[in-house]
Amino acid sequence: MFQIEIDHLNKHYGGFHALKDINIAIKQGAFVALVGPSGCGKSTLLRTLAGLEKTSSGDLRIAGESVVSKPPRERDVAMVFQSYALYPHMDVEHNMNYSMRLKRRPRQEIAERTRAAAETLGLGTLLDRLPKALSGGQRQRVAMGRAIVRNPKVFLFDEPLSNLDAALRVHMRSEIRKLHERLQATSVYVTHDQVEAMTMADHIVVMRAGVVEQQGSPLDLYDRPANRFVAGFIGSPAMNFIPVTVGPDGNRLMLEQDQAQSLALDRTLAPGRRLLAGLRPEHLAFTRETGDLAIKVVVDAVESTGSMTFVTASIASQPVVAAHSGRPGVSKGRKTELFIAPGNVHLFDPETELAVV
Ligand code: ATP
């Protein structure tokens, strides 16, 4: 049985259709990331799960039971917000156990659950501090502690790490993931950061303009993007898209920017068909392996982070980025070749944007 079922869900804000026929089924214990660009409806979807927004049509079930007409407190979900939403006048302990006090749970239970959550999160020595005396990371932990003490069926996270600096964000990603595994709850996590989604989630839902574009495991989405949008959104740096035309024999792709160059196809397509070839920067190498395709380029820029080198090159006037985990020994202005395995060339229809498989 699924723990969360989102079934033909729609949400309108007046005349604006914010969520369009959303269907997602989430297994008990899964960690699901909702990703997509700003305004695509991620937070709206999370808030409808929490009961903070009403649905316009469709059903939402948690543990098999429809919750669309239930108020938030009866849904057995706990939400962790980007802003942390801590009460400024309450210390850590009281922030964490506020919901239990509101429900008038027995004192001993409140004390035990608060202590257990504080221990889990390493907040034991901070229980009497006010939020203003905590670092960003500690506030974030208190916000999570407040969710944990409620022992919910489902955790909902709305960009919980976006106010933290880069190093702490990376650390907290693995903390949240570990916590999720320890608590064996079901988590739904909103982020616009695809790297965060790829590293944390078992299942990723990619949204655009209120629509689910594709969902699947992180590697499914990376290896088999269903369309150009998902291909460009998942992966960093983003995939290169190069206009090509299928050659007269149907077995080569002629580069539109440089008709003298072509790539062998591993199948036959309709001659003359125009396509977009999708090449991931990390699949473009400077050394050739047996069977690789070659593309002649001129190097425009070389940027190194120490461990990685990002080379921007051009095929005639078409820019292309290659990511190299090392130092490829190329410099600006140099003519060189980029190599790619035929199986790493993705193809998309420029009109429908769908993957050509
Ligand atoms: P972000 O990453 O910027 O937070 P998001 O994907 O979470 O974006 P939502 O906040 O879910 O996006 O918003 C989806 C769309 O619904 C946006 O176009 C937004 O302007 C609109 N929207 C959200 N809340 C309301 C509201 N209360 N009234 C009208 N429109 C709204």
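Residues numbered from 1 in each chain as written. Predicted model: local features only at pLDDT ≥ 70, side-chain atom pairs only at ≥ 80, totals over all residues. Heavy atoms only, no water.

By the naming in an unreviewed UniProt entry, the protein is Glycerol-3-phosphate ABC transporter ATP-binding protein, taken from Phyllobacterium myrsinacearum. Under Sequence similarities (unreviewed entry), UniProt gives the following word-for-word description of the protein: "Belongs to the ABC transporter superfamily." In the Subcellular location (unreviewed entry) part of its UniProt record, the protein is described as follows: "Cell inner membrane". (UniProt positions renumbered as here; feature names shortened; annotations may be inferred.)

A. Broad picture of the UniProt feature "domain: ABC transporter" (unreviewed entry) in the protein. Within the UniProt annotation, "domain: ABC transporter" (unreviewed entry) is assigned to residues 4–234. With 37% helix and 27% strand, the stretch residues 4–234 has end C-alpha atoms that lie 24 Å from each other. (Helix = DSSP H or I, 4+ residues; strand = E, 2+ residues; numbered from the N terminus.)

B. Fine view of helix α3 (residues 107–121). Taking 1.5 Å per residue, 15 residues should reach 21 Å; α3 reaches 21 Å between its end C-alpha atoms and fits that length. Among the residues making up α3, those that are buried are E109, I110, T114, A117, A118 and L121. One side of α3 holds all its buried residues, which, seen down the axis, span an arc of 155°. In α3, the exposed positions angled more than 90 degrees off the buried face are occupied by Q108 and E119. (Expected span 1.5 Å × (residues − 1). Buried < 20%, exposed > 50% of the residue type's maximum accessible area, 1.4 Å probe, protein only. Arc of directions from axis to C-beta.)

C. Seen up close, the site of the ligand. The ligand sits among Y13, F16, A18, P37, S38, G39, C40, G41, K42, S43, T44 and E159. Contact distances for the ligand include 3.0 Å between an oxygen atom and a backbone N or O atom of G41. Within the side chain of S43, a nitrogen or oxygen atom sits 2.7 Å from an oxygen atom of the ligand. When the free accessible area of the ligand is taken as 630 Å², the share hidden by the protein chains comes to 58%. Of all elements in the fold, only β2 (16–27) and α1 (42–50) reach the threshold of two or more residues within the shell around the ligand. (Near = heavy atom within 4 Å. Polar contact = N/O pair within 3.5 Å; in protein donor to acceptor, adjacent residues only side chain to side chain. Areas by Shrake-Rupley, 256 points an atom, 1.4 Å probe, with all protein chains shown as cover.)

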